[in-house]
Amino acid sequence: MKDPLLLKGFEVELYTGRADGTVVGCSAAAAALEGFVTEPDQRNLEYITPPDASYARQLQLLIEPRQRLRRWLASRQLTLLPGSALSLGDSRHFERSDPANPYHSYIEATYGTKVVTASVHINLGPISDRGPGQMDRLFAGLRLLRCEAALLLALSASSPFLDGEVTGAHSQRWLQFPLTPAEVPLFLDHQHYINWMGQQLELGTMQNVRHLWTSVRPNGDNRPHDLNRLEIRICDLVTDPLLLLAITAFAELRLQQLLRQPEQCDPLLASSLTPSELAHLADANEKAAAVSSLEATLHHWRHGQPVLAKSWLLEELAALAPLASELGLTQLLAPLPEVLEQGNQAMRWLAGHQAGVPISKLLSLEIAAMATREVELLEAIATDTGPLPLG
């Protein structure tokens, strides 16, 4: 009998605007529609899918809120935008969604528009049933995902433009986003995390327990004590739901592999580097992936040797193939080889721009493709010819 799949859920941030890619803030949509929440800047908003282990169910949960939002926007001649930075926006000014909110005032004064980005956060867990060793397994998973977060960014990068210009990075979002605190250790265990969080709150480097803005973090209802899942925060916005689920399946398979072979997959046990060296390696890899994504030279956590991001991903996919087959996830991974061959969203946009296509045209084409893709997936689901197995 195959192992049960992990519960998973998504926090999806989206920009709203016109069909030509111009960003237009619509915080009123969050007030009008159930399931949406505002961000401090009104140019993007967020919805959250409830936890469900089924990838087929998550596909529906990802698309349904967008369809409701699209209808609301269409009546105002607006739509949803791709990308994770203000591609055709104005990053010089903060557009407050709630001028009276003191927390929003803090965000604007401290970070400005560096935080006005769109992304998708992936929540996975519980990593194992409650009981002895649960927190050990959760923190082993945290260490693994932290050391491989750059690979997830390389697959998802979609923010090469800002203010109508090419930035020189594949993920402008991750380069500009204010990681907080500036240095986060590789947590050795739950108590290390609790102690460190207490120190940061006392020092004021964090305002509250949610103010840990890093690539991957533990999550739960009573942080730092009660934790039940891992939250992957590094991914740029992935507009194609099937690609998002493929990236999620890749991360889940690495965690499933860890649960079976902790001595081979936990960086604390399987790396020749010290915890401090691993933390700095992970941070450096993330920056390299933000600049060059799949073309970035990263350093492998096992030994610190250089490896091309694309090559690392190909090696991992090949190694995961037997487990993917056993768990019924092979079909879910199908979009990833295509990304590795043809490039991620940022790379395709940059190739088009280098060929002479204006940024506004690239965005308008993707806006139309994004809407069409959702309709195609909905029709497939409705006719029971869905693109995913029922797992």
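The structure we're discussing is the one just above.
For clarity, every value in this text was computed on a predicted model and none was experimentally measured.

Novice: Go over the nonpolar core, please, and point to the residues and values.
Specialist: Residues Leu69, Ile232, Ile247 and Leu336 are the most contacted members of the largest nonpolar core, which totals 113 residues. Here the element with the most residues in this core is helix α4 (residues 134-156); it accounts for 15 residues. Dropping the residues within four chain positions of it, Leu336 is found in contact with Leu155, Leu243, Ala246, Ile247, Phe250 and Leu317. Phe161, Trp349, Leu362 and Leu363 belong to the second largest nonpolar core, which has five residues in total.

Novice: I'd love a proper account of the pairing of strand β3 (residues 44-48), names of residues and values included.
Specialist: Within β3, four of the five residues are buried, which leaves the element mostly enclosed by the surrounding structure. As paired strands, strand β1 (residues 8-17) and β3 are joined by five bridges and run antiparallel to one another. Each bridged residue has a counterpart across the sheet, and for Leu14 the counterpart in β3 is Leu45. Between strand β2 (residues 36-38) and the antiparallel strand that follows it, β3, lie five residues.

Novice: Can you explain the packing of α4 against helix α7 (residues 241-260)? Please cite residues and give values.
Specialist: It is the contact of α4 with α7, at a shortest axis distance of 10 Å, that shows an interaxial angle of 150 degrees. When the axes of α4 and α7 are compared, the pair comes out roughly antiparallel. Judged by the sense of rotation from one axis to the other, the crossing of α4 with α7 is right-handed. Residues Arg137, Ala140, Gly141, Leu144, Leu145, Glu148, Leu152, Leu155 and Ser156 of α4 form the contact with α7, whose own contacting residues are Ile247, Phe250, Ala251, Arg254, Leu255, Leu258 and Leu259.

Novice: Go over α4 with me, naming the residues and quoting the values.
Specialist: Along α4, the sharpest kink reaches roughly 50 degrees, centred on Glu148. Along α4, 21 of the 23 residues are buried, which leaves the element largely enclosed by surrounding structure.

About the criteria used
Residues numbered from 1 in each chain as written. Predicted model: local features only at pLDDT ≥ 70, side-chain atom pairs only at ≥ 80, totals over all residues. Heavy atoms only, no water. Core = buried A, V, L, I, M, F, W, Y, C linked by side-chain atoms within 4.5 Å. Buried < 20%, exposed > 50% of the residue type's maximum accessible area, 1.4 Å probe, protein only. Helix = DSSP H or I, 4+ residues; strand = E, 2+ residues; numbered from the N terminus. Contact = heavy atoms within 4.5 Å. Pairing = 2+ DSSP bridges. Axes fitted to C-alpha atoms, helices over the stretch in contact; angles between N-to-C directions. Parallel < 35°, antiparallel > 145°, perpendicular 65-115°, else oblique. Left-handed = near helix turned anticlockwise from the far one by under 90°. Bend = angle between axes of the 7 residues up to and from the residue.

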